[in-house]
Amino acid sequence: MGRLDGKVAIITGAARGMGASHARIFAREGAKLVLTDLNSDGGGALARELGDGAIFAAHDVTKPDEWEGIVSKAVDRFGTIDILVNNAGILGPIAATADLSGDGYDLVCAINQHSVFYGMRAVLPTMVKAGRGSIVNISSIAGMAANYGFPSIAYVASKFAVRGMSKAAAIEYGKHNIRVNSVHPGFIQTPMMVEATDEAGGDALAEIPLGRIADPVEVSNLVLFLASDESSYITGAEHLVDAGMLAH
Ligand SMILES: NC(=O)c1ccc[n+]([C@@H]2O[C@H](COP(=O)([O-])OP(=O)(O)OC[C@H]3O[C@@H](n4cnc5c(N)ncnc54)[C@H](O)[C@@H]3O)[C@@H](O)[C@H]2O)c1
């Protein structure tokens, strides 16, 4: 029996990296999936790999009207929405505050932060109607501490915001049996991380007590737990998966 049998999940940013890893483990555990991303080639290929229980929809998470279309697709195809994983994100320009453009700041906040509001707003009516739901918002260690290895006030702002927004929604919607949690990964081996540093993770290794970069599935295992009924008494909480990095 799968740990997500009978559940329908939307995962954003699912074409590659951690989103693709979450999709694979969710499919293995029996979930029906709506995978979304800007990258239609990668997202479409993954949906085909996962079979009939998964569909892909092209989606820019910064566009509220596109969110309405994603919700309709999920409900039309699978009947309801039990799980939303707000995973899409960018690191954005790495620049000291005085050198960061307004456009760069706005883009990072639009993709990492505003999308989380649009996404929760879009799925909540369906979850309220069903009387259940689990929303997992992907923040970062940069949502817990500003010293995470790259100078970017925008990334830090967006990821701290995701943590607070998750708590606010958890308090508002607990009475509807809807749980909202934030996940705070450390250094995870994904295209985003490789593009920002190098295959080995740059200087980060020295700061990581377990002494290695994570495989994305090590985050997916936590996201799976929070999405499933196994975490039925857990909401409004932040969950680190950082190999002890913030223990310093
Ligand atoms: N990799 C890390 O070390 C790390 C650490 C902490 C947090 N995170 C967070 O985890 C999440 C996933 O990161 P990843 O490392 O897998 O990144 P990634 O770049 O490998 O994948 C991100 C995906 O999001 C998609 N995306 C970007 N902008 C989008 C938009 N506007 N609309 C829809 N999709 C969009 C991309 O096309 C891509 O497929 C992000 O929110 C990121 O901030 C990553």
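Our subject is the structure listed above.
These figures come from a predicted structure and were not determined experimentally.

Participant: Quick rundown of the overall build of the chain? Include the residues and the values.
Facilitator: Along the backbone of the chain there are seven helices and seven strands. By the compact-globule yardstick of 18 Å for 248 residues, the chain fits well, its C-alpha radius of gyration being 17 Å. In terms of overall dimensions, the chain has C-alpha extents of about 45 × 40 × 35 Å along its principal axes. The burial tally for the chain puts 52% of its 248 residues in the buried class. In the chain, once contacts between residues fewer than 6 apart in sequence are set aside, the share between residues at least 24 apart is 70%. For the chain, the accessible area works out to roughly 10800 Å², and carbon and sulfur atoms hold 54% of it.

Participant: Before we move on, can you summarise the environment of F160 with the specific residues and values?
Facilitator: Inspection of the secondary structure assignment puts F160 in helix α5 (residues 153-173). Taking the C-alpha atoms as reference points, F160 and G143, separated by 17 residues in sequence, lie 3.9 Å from one another. Look past the residues within four positions of F160 in its chain and what remains in contact with it is A142, G143, M144, A145 and A146.

Participant: Can you lay out the pairing of strand β3 (residues 54-58) for me, pointing to particular residues and giving the numbers?
Facilitator: Where a strand is regular, its side chains alternate between the two sheet faces. Among the five residues that make up β3, four are buried, leaving the element largely enclosed by the rest of the structure. Where strand β2 (residues 32-37) lies against β3, five bridges are found, and the strand directions are parallel. The residue bridging L33 from the neighbouring strand is A54, located in β3. For the segment spanning β2, helix α2 (residues 40-50) and β3, crossover handedness is right-handed.

Participant: Just give me the short version of the site of the ligand, but keep the residues and values in it.
Facilitator: Neighbouring the ligand are 28 residues; R16, D37, N87, Y155 and T190 lie closest to it. R16 has a polar side-chain atom sitting 2.7 Å from an oxygen atom of the ligand. Contact distances for the ligand include 3.0 Å between an oxygen atom and a side-chain N or O atom of K159. In the complex, the protein chains occlude 94% of the 830 Å² of accessible area that the ligand would expose alone. Looking at the shell around the ligand, the elements that each hand over two or more residues are α1 (17-28), α5 and α6 (191-196).

Participant: Talk me through the packing of α1 against α2; I want residue IDs and the actual numbers.
Facilitator: Where α1 meets α2, the closest approach of the two axes is 11 Å, and the angle between their N-to-C directions is 15°. The orientation of α1 relative to α2 falls into the category roughly parallel. As for how α1 packs across α2, the hand of that crossing is right-handed. In this structure, α1 uses A20, A23, R24 and A27 to contact α2, whose residues at the interface are L46, E49 and L50.

Participant: Tell me about the packing of aromatic side chains, and please be specific about residues and values.
Facilitator: Applying the stated rule across the entire model yields two aromatic pairs. Measuring from ring centre to ring centre gives 5.5 Å for F117 and Y118, while their planes differ by 45°; the resulting arrangement is tilted.

Participant: Before we move on, can you summarise the pattern of salt bridges with the specific residues and values?
Facilitator: Tallying each qualifying case throughout the model produces 10 salt bridges. With its nearest N and O atoms 2.9 Å apart, the salt bridge here joins R28 to E29. Residue R28 is classed as exposed on the basis of its relative accessible area of 56%. The class for E29 is buried, based on a relative accessible area of 10%. Measuring nitrogen to oxygen at the nearest pair gives 3.1 Å for the salt bridge that ties E238 to K167. Taken together, the residues E238 in strand β7 (residues 238-241) and K167 in helix α5 connect sequence positions 71 residues apart. You can call E238 partly exposed: its relative accessible area is 27%. Classification of K167 by relative accessible area gives partly exposed; the value is 28%. A network of salt bridges, in which partner residues are shared, links R163, K167 and E238.

Participant: Report on the sheet that holds β2, specifying residues and quantitative values.
Facilitator: Taken in spatial order, the seven strands of this open sheet run β3-β2-β1-β4-β5-β6-β7, and their pairing is parallel. Looking at the sheet topology across the chains shown, the edges are occupied by β3 and β7. The average undirected angle you get between the axes of adjacent strands in this sheet is 20°. For strand β4 (residues 83-86) and strand β5 (residues 133-138), the ladder comprises four bridges, and the chain directions are parallel. Bridging from a neighbouring strand, L84 pairs with I135 of β5. Relative to strand β1 (residues 8-12), α1 is tilted by about 165°, and along the sheet it contacts β1, β2, β4, β5 and β6 (178-185).

Conventions adopted
Residues numbered from 1 in each chain as written. Predicted model: local features only at pLDDT ≥ 70, side-chain atom pairs only at ≥ 80, totals over all residues. Heavy atoms only, no water. Helix = DSSP H or I, 4+ residues; strand = E, 2+ residues; numbered from the N terminus. Rg over C-alpha atoms; globule rule 2.2 N^0.38 Å. Buried < 20%, exposed > 50% of the residue type's maximum accessible area, 1.4 Å probe, protein only. Contact = heavy atoms within 4.5 Å. Areas by Shrake-Rupley, 256 points an atom, 1.4 Å probe, with all protein chains shown as cover. Pairing = 2+ DSSP bridges. Right-handed = clockwise from strand over helix to strand, strands pointing away. Near = heavy atom within 4 Å. Polar contact = N/O pair within 3.5 Å; in protein donor to acceptor, adjacent residues only side chain to side chain. Axes fitted to C-alpha atoms, helices over the stretch in contact; angles between N-to-C directions. Parallel < 35°, antiparallel > 145°, perpendicular 65-115°, else oblique. Left-handed = near helix turned anticlockwise from the far one by under 90°. Phe/Tyr/Trp six-rings, centres within 6.5 Å; stacked < 30°, edge-to-face > 60°. Salt bridge = Lys/Arg side-chain N within 4 Å of Asp/Glu carboxyl O.

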